[in-house]
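# A closer look at the structure
What follows is each chain in one-letter form.
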Amino acid sequence: MPSRWKSDRPPALAAFVGRFPDDRACADYLCRKRWPEGFVCPACGGLKGWELGAKRFTWECAACGRQTSVTAGTVMHRSKVPLRLWFLAAHLMATHSNGISALQMQAQLGLGSYKTAWLLCHKLRRAMVDPDREPLAGVVEVDETSIPFRTKDDPVDGGAGRSHVGKLLVAGAVELMEDGRAGRIRLAVIEDYGAMTLTEFVTRAVERGATVVSDGWSGYSSLKEHTHEAKVIGSMAAHVLLPWIHRVFANLKRWGTGVLHGFRKAHLDRYLQEFVFRWNRRRHTRVAFDSLLGIAVTLPHACYRDFVDQRA
Ligand SMILES: [Zn+2]
């Protein structure tokens, strides 16, 4: 692996473009990811094969004749967009801490069509939900918040406290690392602040046996499979008792107003997953890059802790 990526920091754009100047360089990267020890036929396991001259970036097995494209199984498969542009798009999306809009993508890639840029962004974003992701563990702060959503005509009609008229409800959880930093997060759109809803959220997001720290809201009192530590709010403000989940919510809302110009109800869940993806990989740009392109479909479980232990 080139030394500039060893630290897993985002390489500068110029360095990135220098590393992947053309489709050939991208295909070589895919090849190394797919066959780190050399070609292996997915059909018969044969180790002998060659790259076809007539078919771009496709290998043929010497034993069974099966042809395998280096893009098979990735988001780039059968796409008319050049690999170089896919790589650049994934790099931009992985390194922009605030995300990137389809319009910005179009300009950055020099694409003639907005539709192509939009489709590209959409396909990359689909990789942002990892179905096999591990639940949060250890000590986990949980809380809920409400987010005003954008409509064409209606003014935002937010009620006070836990009332949620005219707002979108979101539950959140964040892992507390032993050194005091935040680990991974989870966010989900919820229907209400009831015990059933919140218990369901915690059950899905947090490993059994983990310690859940909340503000003492009764919605968390029926947790059975987790150790519940209620920090009841008296004179202390919520952001002091649960600093990390409040920082997550604050960042989420700032992103919503600053970059997205208001959350839309229909897309909220997708936005939340995008935010979670970016947060959970904020120190691991190369991992983000690979997963956006669908290259690193399965990460060994141990990897996550290894990554978190790296200093940003
Ligand atoms: Zn074969």
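As a reminder, the structure under discussion sits directly above these lines.
Conventions and cut-offs
Residues numbered from 1 in each chain as written. Predicted model: local features only at pLDDT ≥ 70, side-chain atom pairs only at ≥ 80, totals over all residues. Helix = DSSP H or I, 4+ residues; strand = E, 2+ residues; numbered from the N terminus. Buried ≥ 20, exposed ≤ 12 C-beta atoms within 10 Å, placed from the backbone. Core = buried A, V, L, I, M, F, W, Y, C linked by C-beta atoms within 7 Å. Contact = placed C-beta atoms within 7 Å. Expected span 1.5 Å × (residues − 1). Pairing = 2+ DSSP bridges. Axes fitted to C-alpha atoms, helices over the stretch in contact; angles between N-to-C directions.

Turning to its location among the elements, Tyr193 is positioned in the loop between strand S6 (182-190) and helix H6 (195-205). Classification of Tyr193 as partly exposed rests on a count of 18 C-beta atoms within 10 Å. Sequence separation between Tyr193 and Trp217 is 24 residues; the distance between their C-alpha atoms is 9.2 Å.

On to the nonpolar core. Formed by 32 residues in total, the largest nonpolar core has its most connected members in Val140 and Ala173. Where this core is concerned, the elements lending two or more residues are strand S4 (139-148), strand S5 (167-176), S6, H6, strand S7 (211-214), helix H8 (243-258) and helix H9 (268-280). With residues up to four places along the chain from it excluded, the contact list for Ala173 reads Leu136, Val140, Glu141, Val142, Ile185, Arg186, Ala205 and Val206.

Moving on, we get to the environment of Ala72. Topologically, Ala72 is positioned in the loop between strand S3 (67-69) and helix H3 (83-95). A sequence separation of 38 residues divides Ala72 from Arg34, and the C-alpha atoms of the two residues are 9.7 Å apart.

Our focus in this paragraph is H8. For H8, which comprises 16 residues, the first-to-last C-alpha distance of 22 Å matches the rise-based estimate of 22 Å (1.5 Å per residue) to within 8%. The complete set of buried residues in H8 reads Trp244, Ile245, His246, Val248, Phe249, Leu252 and Gly256.

A few words on the pairing of S5. Of all 10 residues that make up S5, seven are buried, and the element is covered over most of its length. Note that S5 and S6 share seven bridges and pair antiparallel. When the bridges of S6 are listed, Val174 appears paired with Ile185.

Turning next to the sheet that holds S6. Taken together, five strands build an open sheet; the order of strands is S6-S5-S4-S7-S8 and the sheet is mixed. Unpaired on one side and paired on the other, S6 and strand S8 (227-230) mark the two borders of the sheet. Each strand axis lies, on average, 25° off the axis of its neighbour in the sheet, ignoring direction. Judged from the four bridges that link them, S7 and S8 form a sheet pairing that is parallel. Counterpart to Ser214 in the pairing with S8 is Ala230. Those strands touched by H6 are S4, S5, S6 and S7, and its axis lies near 140° from that of S6.

Purely geometric numbers; function is a separate question.
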